[in-house]
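# Topology and contacts: notes
Residue strings, one per chain:
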Amino acid sequence: MPIVQTRAGQVETVEHGDGEQLFVMVHAAGAGPHAYDRLVQLLASKQRRFVAGARVGYGNTEIESGGDLIARNVAATDALMADIGAQDIVMFGHSMGGLISLLSAAGRLSAGAGNLKALVLYDPILV
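The rules we used
- Residues numbered from 1 in each chain as written.
- Predicted model: local features only at pLDDT ≥ 70, side-chain atom pairs only at ≥ 80, totals over all residues.
- Heavy atoms only, no water.
- Phe/Tyr/Trp six-rings, centres within 6.5 Å; stacked < 30°, edge-to-face > 60°.
- Helix = DSSP H or I, 4+ residues; strand = E, 2+ residues; numbered from the N terminus.
- Buried < 20%, exposed > 50% of the residue type's maximum accessible area, 1.4 Å probe, protein only.
- Contact = heavy atoms within 4.5 Å.
- Salt bridge = Lys/Arg side-chain N within 4 Å of Asp/Glu carboxyl O.
- Pairing = 2+ DSSP bridges.
- Right-handed = clockwise from strand over helix to strand, strands pointing away.

### Side note on the packing of aromatic side chains
When we look at a pair of aromatic rings, we describe it by the centre distance and by the angle of the planes. Counted under the stated rule, the structure contains two aromatic pairs. A centroid spacing of 4.8 Å and a plane angle of 35° characterise the contact between Phe23 and Phe50, whose relative ring orientation is tilted. With Phe23 in strand 3 (residues 21-26) and Phe50 in strand 4 (residues 48-53), this pair connects stretches of sequence that are 27 residues apart. Phe50 carries the same exposure label as Phe23, and that label is buried.

In structure tokens form, the structure reads like this:
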């Protein structure tokens, strides 16, 4: 799996497609980034690119920022999106990945990042 060097550290990724619209897939605690392979096959089109980053503790992802595990995973997701630099981003998060996606999206909106077009949460853990 490719490793993307970001400002927060390295994120191991699974990538499909090379379109302009970026789908950032954030996996659940009980899965890895390959959990989205079948869904990506169903959603694939020429306009779409899918990137599923391995969360901290999975694969070779190593994030240098402090904080608890959730904060480090939000930092990894934020850095991955910032360093890819897509115009249109759709975030998809499942379970713990849903919480990480929600926190990342809230931070992006607070910072005025206008390229997040949709947030899809499937069975998110919300506290």
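Next comes the rest of the description.
### Let's talk about the side chain of Ser101
Along the chain, Ser101 turns up in helix 3 (residues 96-110). Owing to a relative accessible area of 0%, Ser101 belongs among the buried residues under this scheme. Residues within four places of Ser101 in sequence aside, it is in contact with Val26, Met91, Phe92, Gly93, Leu119 and Leu121.

### Quick word on the pattern of salt bridges
Throughout the structure, instances matching the rule amount to two salt bridges. As a salt-bridge pair, Glu15 and Arg49 come within 2.8 Å of each other at their nearest N and O atoms. Separated by 34 residues along the polypeptide, Glu15 in strand 2 (residues 9-16) and Arg49 in strand 4 bring together distant segments of the chain. Residue Glu15 is classed as partly exposed on the basis of its relative accessible area, which comes to 30%. A salt bridge links Lys117 to Asp88, with the nearest nitrogen and oxygen atoms 3.9 Å apart. Separated by 29 residues along the polypeptide, Lys117 in strand 7 (residues 116-122) and Asp88 in strand 6 (residues 88-94) bring together distant segments of the chain.

### So, the pairing of strand 7
Here strand 6 pairs with strand 7 via six bridges, running parallel. Paired with Gly93 across the bridge in strand 7 is Leu121. In this fold, strand 6 hands off to helix 3, which returns the chain to strand 7; that crossover is right-handed.

### Let's talk about the pairing of strand 3
Burial of strand 3 is extensive: five of the six residues sit out of reach of the surface. The pairing of strand 3 with strand 4 spans six bridges and is parallel. Bridging across to strand 4, Phe23 finds its partner in Phe50. Following the backbone out of strand 3, through helix 1 (residues 37-43) and into the adjacent parallel strand 4, one traces a crossover that is right-handed. Summarising the sheet, strand 3 and strand 6 pair through six bridges and their orientation is parallel. The partner of Phe23 across the bridge, within strand 6, is Val90.

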